Amino acid sequence: MSRPLHRGVSIRIPDSNNNDLWDSQSKDKSEKEGLDRRGSSGHPSPLRSPFRLLFSDNSNSKYGISENGFSSDPFIIGTPRSRLKLVLLFLRFSLVFIVILALAGSFWWTISISTASRGHIYHGYRRLQEKLVSDLLDIGEISYAPSRLKELEFCSEEFENYVPCFNVSDNLALGFSDGNEFDRQCRHELRQNCLVLSPPNYKIPLRWPTGRDIIWIANTKITAQEVLSSGSFTKRMMMLDEEQISFRSASLMFDGVEDYSHQIAEMIGLRNESSFIQAGVRTILDIGCGYGSFGAHLFQSQLLTMCIASYEPSGSQVQLTLERGLPAMVASFTSKQLPYPSLSFDMLHCARCGIDWDRKDGILMIEADRLLRPGGYFVWTSPLTNARDKDSQKRWKIIQSFAENLCWDMLSQQDETVVWKKTIKRNCYSSRKNSSPPPLCGKGYDVESPYYRELQNCIGGTHSSRWISVKERQTWPSRDHLNKKELAIFGLQSDEFAEDSESWKAAVRNYWSLLSPLIFSDHPKRPGDEDPPPPYNMLRNVLDMNAHVGGFNSALLQAGKSLWVMNVVPLSGLNYLPLIQDRGYVGVLHDWCEAFPTYPRTYDLVHAAGLLSLEFAQQRRCTMLDMFIEIDRLLRPEGWIIIRDIVPLIESARALTTRLKWDARVVEIESDSDQRLLICQKPLFKRQAN
């Protein structure tokens, strides 16, 4: 017989009959088998449902019923059943504790990462001065690490001044000749997956305006002999010492640029070159520009001169002009149209530029006419205009006759210089004698998007809504703000144009607050230097890879920055380049899957807003890395890159900067914006001199 005692203790009193012991053992065994059967039934396992075990409200699981009808305490020990219950209960609490601990740890880890990352992402531009590195980006880099390749190698020494698409030897092998071997040929170009390294003894260019007149000779591929043997008078206006080339405004052998510019102004009927602005002249295309002395002088009168010249393996006019901080690009009058819209420039200038305008049936003069605005001026200085031999005189008469057929009026001729003015009357072409050639292009002829198209033997632009005389346009700087009628040509409203301008003004202020602590743009100073007075500036040449309507250029000038901007309109986007040209700026059409026509190390700042979304939103024939390698080629050592785009593309771009050896930071623009800024700087790596 058994009876319950105090809680927690159960004692069985032995009986003299051994059958009681046998019965008890049999009963315990049957109970254990019953328990095993219940455990193997359809009820959920405790290991599979720990929360069900913990919060189960089954009364039989709380208190069992004994044979004699009394409630048996589940904590009573001494039987196999009670021991099993204790084990199950212990497992139950252990599993719950582990689950709670895991959930708490996971929640704490997530909060800590989110808090740390959010704390390191800056909610404004000026806070970059405190810290720019985000923990969240570091975590992103770790995730990219397995798939990220090693850093790119440097190119060999032969690529120091390499310009893709202008490989003369390859072009000759392909059969190009008669000057076309120096023309642009990108279809046969192989990509160079390496980084162009600076020449030995390369030095950072001097700050503007000192850098306009003095450059380091080691930064360019030119020798003393090439300087002394230069043919153009603008080339000869230099002085050479051991390390530097200095450009002067006067020459002992020729009249100075100042006198030459004054002569051109008088031939047009102006008092001096400062009056060009009042005559409607703002942008000038300088063909075969020497080393940019003409444009450097006119810059003081707020005239913007774009220098173009053919590719030169050494002693490049374009390279030296850009080194001086003046607008320039590789381009030539050979067989293809230049990547500018029709009616883009107020003046074309050619001083001993090497162009034979009488050759190829005058088709080169037709291209010059296409680029010139109505009422614009064509200035040509050549010994041919004042020659005495019969052959030269014959050629000169051919050019005069062809200029007349183009409806150009000769204003004046002095010595070797001639000035023509393009007509402002559309009906001039229909009134030509006997329908003289060249004919007018048809109405369907595209005058706005000539991307290295074959030269056309017809006069274009007469059907354009942009056929506006230079004198009818607003003078600079009022020209920057196009009126309602001019904006309507491009399908724009005045309010959206004004909104774009205001947003870019704010962006420029924020950009400068990011860069100023690092490059001291407004008051540049290197360690050990004295503070130079304004307008010294460490940024001079700026490349805007996706210029939109030129708002970035406009905002920079309104902020008083002494620089110029090459506005690039990608072929894959809307063509607002005619609008940019009409505002008084310079720019080109370009396909960013091809190399830009310039020499290495020619820009101080490269800017790209929305370009990644434009170029890589769909499958392209080039990769983002290809584009970044080209940016690295264009950028000067210690130069800057500002890329603005959506977060996923910025993260992808950030992962590539390590391969390019750039120093890179990601900055949050606004707390609720889906865009980020990627700010990068290209370090100065020097090749050891032999």
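Use the structure listed above.
The rules behind the values
- Residues numbered from 1 in each chain as written.
- Predicted model: local features only at pLDDT ≥ 70, side-chain atom pairs only at ≥ 80, totals over all residues.
- Heavy atoms only, no water.
- Salt bridge = Lys/Arg side-chain N within 4 Å of Asp/Glu carboxyl O.
- Helix = DSSP H or I, 4+ residues; strand = E, 2+ residues; numbered from the N terminus.
- Buried < 20%, exposed > 50% of the residue type's maximum accessible area, 1.4 Å probe, protein only.
- Patch = residues over 30% accessible without salt bridge, like charges linked within 9 Å, V, L, I, M, F, W, Y side chains within 5 Å.
- Areas by Shrake-Rupley, 256 points an atom, 1.4 Å probe, with all protein chains shown as cover.
- Polar contact = N/O pair within 3.5 Å; in protein donor to acceptor, adjacent residues only side chain to side chain.
- Contact = heavy atoms within 4.5 Å.
- Axes fitted to C-alpha atoms, helices over the stretch in contact; angles between N-to-C directions.
- Parallel < 35°, antiparallel > 145°, perpendicular 65-115°, else oblique.
- Left-handed = near helix turned anticlockwise from the far one by under 90°.
- Nonpolar A, V, L, I, M, F, W, Y, C, P; charged D, E, K, R; others polar.

Q: Sorry if this is basic, but what is going on with the pattern of salt bridges here?
A: Any two side chains of opposite charge can pair, on the condition that their charged atoms come close. As enumerated under the stated definition, the model contains 26 salt bridges in all. When the shortest N-O distance is used, the salt bridge between Glu323 and Arg636 registers 3.9 Å. Here Arg636 lies in strand β17 (residues 635-646) and Glu323 lies in helix α11 (residues 317-323), a separation of 313 residues in the sequence. You'll find Glu323 and Arg636 in the same group, each marked buried. Measuring nitrogen to oxygen at the nearest pair gives 3.1 Å for the salt bridge that ties Asp346 to Arg479. With Asp346 in strand β9 (residues 345-351) and Arg479 in the loop between β12 (417-422) and α14 (484-488), this residue pair connects regions lying 133 residues apart in the sequence. Arg479 carries the same exposure label as Asp346, and that label is buried. It is possible to trace a salt-bridge network through shared partners that takes in Asp346, Arg373, Glu448, Arg466, Arg473, Arg479, Glu486 and Asp582.

Q: For this particular structure, what's the right way to read a nonpolar patch on the surface?
A: On the surface, Leu84, Val87, Leu88, Phe90 and Leu91 cluster together into a nonpolar patch covering about 430 Å² of accessible area. Within the secondary structure layout, Leu84 lies in helix α3 (residues 80-120).

Q: How should the side chain of Asp346 be read in this particular structure?
A: You can call Asp346 buried: its relative accessible area is 0%. Within polar-contact distance, the side chain of Asp346 engages the backbone nitrogen of Arg282 at 2.8 Å. In this structure the side chain of Asp346 is engaged in a polar contact, spanning 3.0 Å, whose partner is the backbone nitrogen of Thr283. In this view, Asp346 contacts Gly280, Val281, Arg282, Thr283, Leu372, Arg373, Gly376, Tyr377, Val470 and Arg479; residues no more than four positions away in its chain are not counted.

Q: Looking at this structure, I do not really get the packing of helix α19 (residues 624-634) against helix α20 (residues 647-657). What am I missing?
A: Each pair of packed helices can be described by the angle between their axes along with the distance between the axes. Running from amino to carboxyl end, α19 crosses α20 at an angle of 60°, the nearest separation of the two axes being 11 Å. The orientation of α19 relative to α20 falls into the category oblique. Where α19 crosses over α20, the two elements pack in a sense that is right-handed. Contacts between α19 and α20 involve Met624, Leu625 and Phe628 from the former and Leu649, Ser652, Ala653 and Leu656 from the latter. When the residues that make up the contact of α19 with α20 are grouped by side-chain class, the tally is 6 nonpolar, 1 polar and no charged.

Q: Would you take a moment to explain helix α16 (residues 551-558) for this structure?
A: Turn by turn, an α-helix covers 3.6 residues, leaving residues three or four places apart pointing in a common direction. The element α16 is extensively covered by neighbouring structure, given that 6 of its 8 residues are classed as buried. Taken residue by residue, α16 has Gly551, Phe552, Asn553, Ser554, Ala555 and Leu556 as its buried positions.

Everything listed here is a matter of geometry and, on its own, says nothing about what the molecule does.
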